Amino acid sequence: MQDLAVVAPAGDLTGGGTVPATWEATKDGLAFVDGVASSVAQATKVITALQATNTSTFETWVVVDYDKLVKPMVSIDTDANNLNYLLEQKKAEVRVGLRHTGKSGGENNPTLETSDDPLTEAVLQHIVHTYDGMTERVYVDGVEKVAAASSGTYTNWDATMALNVANYTSNDGPWRG
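Residues numbered from 1 in each chain as written. Predicted model: local features only at pLDDT ≥ 70, side-chain atom pairs only at ≥ 80, totals over all residues. Heavy atoms only, no water.

Quick word on the nonpolar core
We apply this condition: What makes a nonpolar core is a set of buried Ala, Val, Leu, Ile, Met, Phe, Trp, Tyr and Cys residues whose side-chain atoms join them at distances within 4.5 Å. Here's how the labels work: a residue is buried when its accessible area is under 20% of the maximum for its type, exposed when over 50%, partly exposed in between, all with a 1.4 Å probe on protein chains only. Starting at the N terminus, helices and strands are each numbered in turn, a helix being any DSSP run of H or I of at least four residues and a strand any DSSP run of E of at least two.
Membership of the largest hydrophobic core comes to 27 residues, with the highest contact counts inside it found for Ile76, Tyr85, Leu87, Val94 and Trp157. Counting only elements with at least two residues in this core, the list comes to α1 (44-53), β5 (56-63), β6 (70-79), β7 (82-90), β8 (93-98), β10 (124-131) and β11 (135-140).

Rendered as structure tokens:
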């Protein structure tokens, strides 16, 4: 996938894993079974932009194939234990781990998690996580599902991490959908 933004460096994503992502023309999107779409180089452009504002919005459209998984949908990481950001399917819930200087429980703990099973198998759903420097929020299909006060900056982010879709950089957490 080619990054068409005019801001350098390019943030192209490439496929990998034992079963790389395939294009589903009838669904107008990528299908993941045991693959990953990962930034070719470090996600420096994304990380630098986030650090400049200390705010973020991560947005994705997903079709969950199996609602029993605990796997990453979007991450900025070096592996499952070293993350700047994690948007994860936790069975029928959405869980977010966001690293910033105000978190006291480790890199991205505590996490923010929905509690009403908003994910449904075989249904196109819109998931958004926002952070305005003071509050984290998770929305599913335009409805706020959970919010928490959480102030801090992204100065502790590791700029060497990669941006990934449907897996970790280490390719050991494949998401299906």
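Looking at the environment of serine 56
Quick note on the threshold: The criterion used for residue contact is that any of the two residues' heavy atoms lie within 4.5 Å. In protein, a polar contact requires one atom able to donate a hydrogen and another able to accept it; more generally it is a pair of N or O atoms within 3.5 Å, and residues adjacent in sequence count only if both atoms are side-chain atoms.
Mapped onto the elements of the fold, serine 56 is located in strand β5. Assessed through its relative accessible area of 6%, serine 56 is described here as buried. Serine 56 sits ten residues away from valine 46 along the chain, and the two C-alpha atoms are 10.0 Å apart. Excluding residues within four positions of it along the chain, serine 56 makes contact with Leu50, His129, Thr130, Tyr131 and Tyr154. Within the local environment of serine 56, its side chain forms a polar contact with the side chain of tyrosine 154, the two groups lying 2.7 Å apart.

Notes on the sheet that holds β11
Basically, it comes down to this: Should DSSP find at least two bridges between two strands, the strands are regarded as paired. To get an axis, fit a line to the C-alpha atoms, keeping to the stretch in contact for a helix; angles then go from 0 to 180 degrees between the N-to-C directions.
Taken in spatial order, the four strands of this open sheet run β5-β10-β11-β12, and their pairing is antiparallel. With one partner strand each, in any of the chains shown, β5 and β12 (143-149) form the two edges of the open sheet. Pairwise comparison of adjacent strand axes, ignoring direction, gives a mean angle of 10° for this sheet. In this structure, β11 lies alongside β12, joined through six bridges in antiparallel fashion. Within the sheet, the bridge partner assigned to valine 138 lies in β12 and is valine 146.

Purely geometric stuff here, so don't read any function into it on its own.
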